[in-house]
Amino acid sequence: MLNFDGLIQDIVQRRGKLASKDGNNESAQDYSEVWSTLASYVKSCMEQKRGLHLSSFCKVGWIVGKKMGKGVHRPFFQFADSFVRAYLSQEAARKHAAPVQGEPCPLEDFNFSKAAIKFSNQLTKDQVFTMLRTIISRLGELIAEGKEVDISLGDVGRLTCRGDRDPKFSFSAALYSQEGLDAPQVDESSMRSAPAFRKGSNPEASGLGIQGTAALPEDDYGYQSQPMQATMPSVQEDQYYQMPETQPVTGMDSGTARPVSRGAKLTATQFKREVAYKEAMDRHIAAMEAHAAEAVAEKEAWGNHVTDCLLQERDEIHAKKERNQMNLHFLQHQMNLGEQKRKEQRREDIEAASAHDFPKFSEVHPDEMKDFIHGQQARMRQGLDEQVRTNNTLRNLAKQKERGMELRQLQANREEMSMLRKAELAKKAYDREALATAWNSEIRMKNIWKAIESHNTVASHPPQVMLNDALPPSRGGSVKSVGRMLTGSSRRQPLGASTSLSQLESRAGSSRGIM
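Note that this is a predicted model, so its numbers are computed, not measured.

S.K.: Residue-level account of the overall build of the protein, with values.
M.R.: Looking only at helices and strands, the protein features 11 helices and 12 strands. Taking the intrachain contacts of the protein between residues at least 6 apart in sequence as the baseline, contacts between residues at least 24 apart amount to 56%. For the protein, the accessible surface area stands at approximately 37000 Å², while carbon and sulfur atoms represent 54% of it.

See below:
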């Protein structure tokens, strides 16, 4: 099972070919310090009841819950979506894609500057970024290849994978104990497989034709051995086997030659060790060849990139020269046009100056001077006369305009006075008619009351009271008057309000005697 030291050594070996080219002499100590920086960063956030989000790897934090009516924080670990899609199996991806059950605490994005300054000794921001990316990338590749890994993240927990491309993270018991929680039980036997060769193994494992997924020793740096087929007969522990003649080989662990004598007799244990060593050497050589091929490919890619950059730079320089040349031609053309325009303007100025005899200084004849003065005076007088006529015309037009306005105002005043007189006469006629109508109404009412009062005294010939339909028109001509009664008198004297009842009765009696 590959631990963190084996992972770092594998990364250093893979990056060793590129160190001279990139100029980064990265050592195993630097990678260890970067991983310790990550662990310290995570631990600091966990102590502050906050989480940490590393976008290329995972989310680590707390889930807030309730237990016995109190708030309880439970740690959680979730791989990032990019890491799950790139390195995990489909079943593991579906399992890790499930959302976190509960309410997570606030998460802090991983700050490389803060990690380098606060949680490391001598690392820079770029070193933390580059090395952490390399560690995560290589860890994901090993998980994708089905390797068994067991990586410790400081005091926070451990990341394990049993070769099924389904990694798991187990928090330390200290985190659970701090919150008063019981740590989950971890099956240690399932996390580590049995060694390939051990005492008291099954009888079937005595041969070399077995296959399995046993963990490799830590010196193998995580490379699985290919299944070995039995090419030799099985032997017992106390028997000897005649080793074929081979050439001396160099061990991968110490770098010293391990000579094997020709025709030496080996026990079964020694024989198995030699075969395992040979298989490990073959795997190491294959890994070196792969690394060499990768280095050669990277060198070729770098060379192609440099060549493309040079070609692009050469094309840019050529294009820049062409633009400068075109700009130079354009400026020269503008200068030629300006010079030609100045020449043409100078020629036109010379031709215009040569077209007359100015300046010409000669004396004028006195007669011509007098004629010129008289002409100037005549033109001045004519201009003054025109001004006087214009002023008189404007003044007359103004007077005519004012006179017309006065006439229109006078006519309007007359019409207004006539309208006022007519309104006053109409008002007086209306008042007169109203007074006459009221007077006639009052007389008629009094006559009616008198007729009612004299009804019992006058039996044979009651006074004849005219109805409204038989009344003659009044003096106003609008309403029929009831102020006069036909009493038989030639004078037709109307009965006023002052006439007493006795006078009325005497007049009625005289009228009956006459008749």
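S.K.: Which residues make up the nonpolar core, and what values go with them?
M.R.: Counting 56 residues, the largest nonpolar core has Phe57 and Phe110 as the members making the most contacts within it. Top contributing element to this core by residue count: helix α2 (residues 28–47), with 9 residues. Setting aside chain neighbours within four positions, we find Phe57 in contact with Trp35, Phe77, Phe79, Ala80, Phe83, Ile136, Leu139 and Leu159.

S.K.: Lay out the pattern of salt bridges in plain terms, naming residues and giving numbers.
M.R.: A side chain with one charge can pair with a side chain of the opposite charge if their charged atoms come near. In total, this model carries 14 salt bridges according to the counting rule given. One salt bridge in this structure joins Glu424 and Lys428, with 3.8 Å as the shortest N-O distance. One end of the pair is Glu424 and the other is Lys428, both in helix α10 (residues 366–453) and 4 residues apart, which spans about a single turn. A residue is classified by how much of its surface remains accessible, and Glu424, at 46% relative accessible area, is partly exposed. The partly exposed category is assigned to Lys428, whose relative accessible area is 46%. One continuous salt-bridge network, built from bridges that share partners, spans Asp10, Arg14, Arg138, Glu141 and Glu294.

S.K.: An account of a negative patch on the surface is requested, with residue identities and associated values reported.
M.R.: Negative charge collects at one region of the surface, where Glu344, Glu348, Asp349 and Glu351 lie side by side. By secondary structure assignment, the location of Glu348 is in helix α9 (residues 268–353). For Glu348, a relative accessible area of 46% puts it in the partly exposed group.

S.K.: Before we move on, could you go through the pairing of strand β7 (residues 157–162) and cite the residues and values that matter?
M.R.: In summary, the side chains of a regular strand alternate between the two faces of the sheet. Judged from the 6 bridges that link them, strand β6 (residues 148–153) and β7 form a sheet pairing that is antiparallel. Bridge assignment links Glu148 to a residue of β7, and that residue is Arg162. The turn joining β6 and β7, which pair antiparallel and follow one another in sequence, is formed by 3 residues; a positive phi near 60 degrees is taken by Gly154. One ladder, built from 4 bridges, connects β7 with strand β8 (residues 168–171); its direction is antiparallel.

S.K.: Report on the packing of α2 against helix α6 (residues 125–144), specifying residues and quantitative values.
M.R.: Axis separation between α2 and α6 bottoms out at 9 Å; the angle between their running directions is 90 degrees. In terms of orientation, α2 and α6 fall into the roughly perpendicular class. Residue-level contacts link Asp30, Tyr31, Val34, Trp35 and Leu38 of α2 to Gln127, Val128, Met131, Leu132, Thr134 and Ile135 of α6.

S.K.: How would you summarise the side chain of His96 if you had to cite specific residues and measurements?
M.R.: With respect to the secondary-structure elements, His96 resides in helix α4 (residues 90–96). For His96, a relative accessible area of 18% corresponds to the buried category. Side-chain polar atoms of His96 contact the backbone oxygen of Pro167, separated by 3.4 Å. Those residues within four positions of His96 in sequence are excluded, and the remaining contacts are Gln78, Phe79, Val84, Leu88, Asp166 and Pro167.

S.K.: Can you explain the sheet that holds β8? Please cite residues and give values.
M.R.: Consider a sheet: its strands pair through backbone hydrogen bonds, and that pairing is either parallel or antiparallel. With respect to topology, 3 strands assemble into an open sheet ordered β6-β7-β8, the strand pairing being antiparallel. Two strands in the sheet have a free side with no partner beyond their single neighbour: β6 and β8. Going from strand to strand, the sheet's axes swing by 20 degrees on average, the running direction of each strand aside. Sitting on the sheet, α2 is in contact with β6 and β8, with an inclination near 60 degrees to β6.

S.K.: If you had to explain the side chain of Gln78 to someone new, which residues and values would you point to?
M.R.: Inspection of the secondary structure assignment puts Gln78 in strand β3 (residues 70–79). For Gln78, a relative accessible area of 18% translates into the label buried. Not counting chain neighbours up to four residues away, the residues in contact with Gln78 comprise Cys58, Lys59, His96, Ala98 and Val100.

S.K.: Kindly report on α2, identifying the contributing residues and their values.
M.R.: Its 20 residues give α2 an end-to-end C-alpha distance of 29 Å, which sits within 8% of 28 Å, the value for a rise of 1.5 Å per residue. Just past α2, the residue Lys49 takes up positive phi, approximately 55 degrees.

S.K.: Which residues make up a nonpolar patch on the surface, and what values go with them?
M.R.: A contiguous nonpolar patch, built from Val364, Met369, Phe372 and Ile373 and spanning about 380 Å² of accessible area, is present on the exposed surface. Looking at the element boundaries, Ile373 is found in helix α10.

S.K.: Summarise the confidence of the model for the protein; cite the residues concerned and give the values.
M.R.: Residues of the protein with pLDDT of at least 70 account for 68%, and the chain-wide mean is 76. Of all helices and strands in the protein, the one with the weakest mean pLDDT is strand β10 (residues 249–250) (41), whereas α10 scores best (94). The low-confidence segment residues 204–264 (pLDDT under 50) makes 109 contacts with residues lying over four places distant or belonging to another chain.

S.K.: Tell me about the packing of aromatic side chains, and please be specific about residues and values.
M.R.: Geometry of an aromatic ring pair is reported as the spacing of the ring centres plus the angle between the planes. Applying the stated rule across the entire model yields 13 aromatic pairs. Aromatic side chains Phe57 and Phe77 sit 6.2 Å apart centroid to centroid with 75 degrees between the ring planes, which places their arrangement in the edge-to-face category. Of the two residues, Phe57 sits in the loop between β1 (51–54) and β2 (58–67) while Phe77 sits in strand β3, which places them 20 residues apart along the sequence. Exposure class is identical for Phe57 and Phe77. Each is buried. Relative to Phe112, the ring of Phe110 lies with its centre 4.9 Å away and its plane at 70 degrees, an arrangement referred to as edge-to-face. Each member of the pair, Phe110 together with Phe112, is buried. Through a chain of ring-to-ring contacts, the aromatic side chains of Phe57, Phe77, Phe79, Phe83, Tyr87, Phe169 and Phe171 assemble into a single cluster. Lying across the ring of Trp62, Lys49 places its NZ or CZ 5.1 Å from the centre.

Calculation rules
- Once a new chain begins, its residue numbering starts again from 1 and follows that chain's sequence as written.
- Local features are withheld for residues below a pLDDT of 70 in this predicted model, meaning they are given only at 70 or higher, and side-chain atom pairs are given and counted only at 80 or more; totals for whole chains, interfaces and linings count all residues.
- No hydrogens and no water enter the side-chain calculation; it runs on all heavy atoms of the structure.
- Numbered from the N terminus, helices here are DSSP runs of H or I no shorter than four residues, and strands are runs of E no shorter than two.
- Contacts are assigned to residue pairs with any non-hydrogen atoms lying within 4.5 Å of each other.
- Areas reported as accessible are Shrake-Rupley estimates using a 1.4 Å probe. Residue values count occlusion only from the protein chains shown.
- In these notes, a set of buried Ala, Val, Leu, Ile, Met, Phe, Trp, Tyr and Cys residues joined through side-chain atoms within 4.5 Å is what counts as a nonpolar core.
- With a 1.4 Å probe rolled over the protein chains alone, any residue whose accessible area is under 20% of its type maximum counts as buried; one over 50% counts as exposed, and the rest are partly exposed.
- Each salt bridge in this description consists of a side-chain nitrogen of Lys or Arg and a carboxyl oxygen of Asp or Glu lying within 4 Å of one another.
- Exposure above 30% relative accessible area and no salt bridge define the residues that can form patches, which grow by joining like charges within 9 Å and nonpolar side chains of Val, Leu, Ile, Met, Phe, Trp and Tyr within 5 Å.
- Neither His nor the chain ends is counted toward charge; the positive residues are Lys and Arg and the negative residues Asp and Glu.
- In plain terms, the charge of a residue is placed at NZ if it is Lys, CZ if Arg, CG if Asp and CD if Glu.
- Any two strands are treated as partners once DSSP identifies two or more bridges connecting them.
- All axes are obtained by fitting lines to C-alpha atoms, using only the stretch in contact for helices, and the reported angles, taken between N-to-C directions, cover 0 to 180 degrees.
- The labels follow the angle: roughly parallel below 35 degrees, roughly antiparallel above 145, roughly perpendicular from 65 to 115, and oblique for the rest.
- N or O atoms within 3.5 Å of each other form a polar contact, as long as, within protein, one can give a hydrogen and the other can take it, and as long as residues adjacent in sequence are counted only when both atoms are side-chain atoms.
- Given a helix with a known number of residues, its expected span is that number minus one, times 1.5 Å.
- A score between 0 and 100, pLDDT records how confident the predictor is in each residue.
- Two rings belonging to Phe, Tyr or Trp (six-membered ring only in the last case) form a pair when the distance between their centres is within 6.5 Å. Interplanar angles under 30 degrees mark stacking, angles over 60 mark edge-to-face geometry, and anything in between is tilted.
- Both a distance and an angle decide whether a charge sits over a ring: NZ of Lys or CZ of Arg must be within 6 Å of the ring centre and within 35 degrees of the ring normal.

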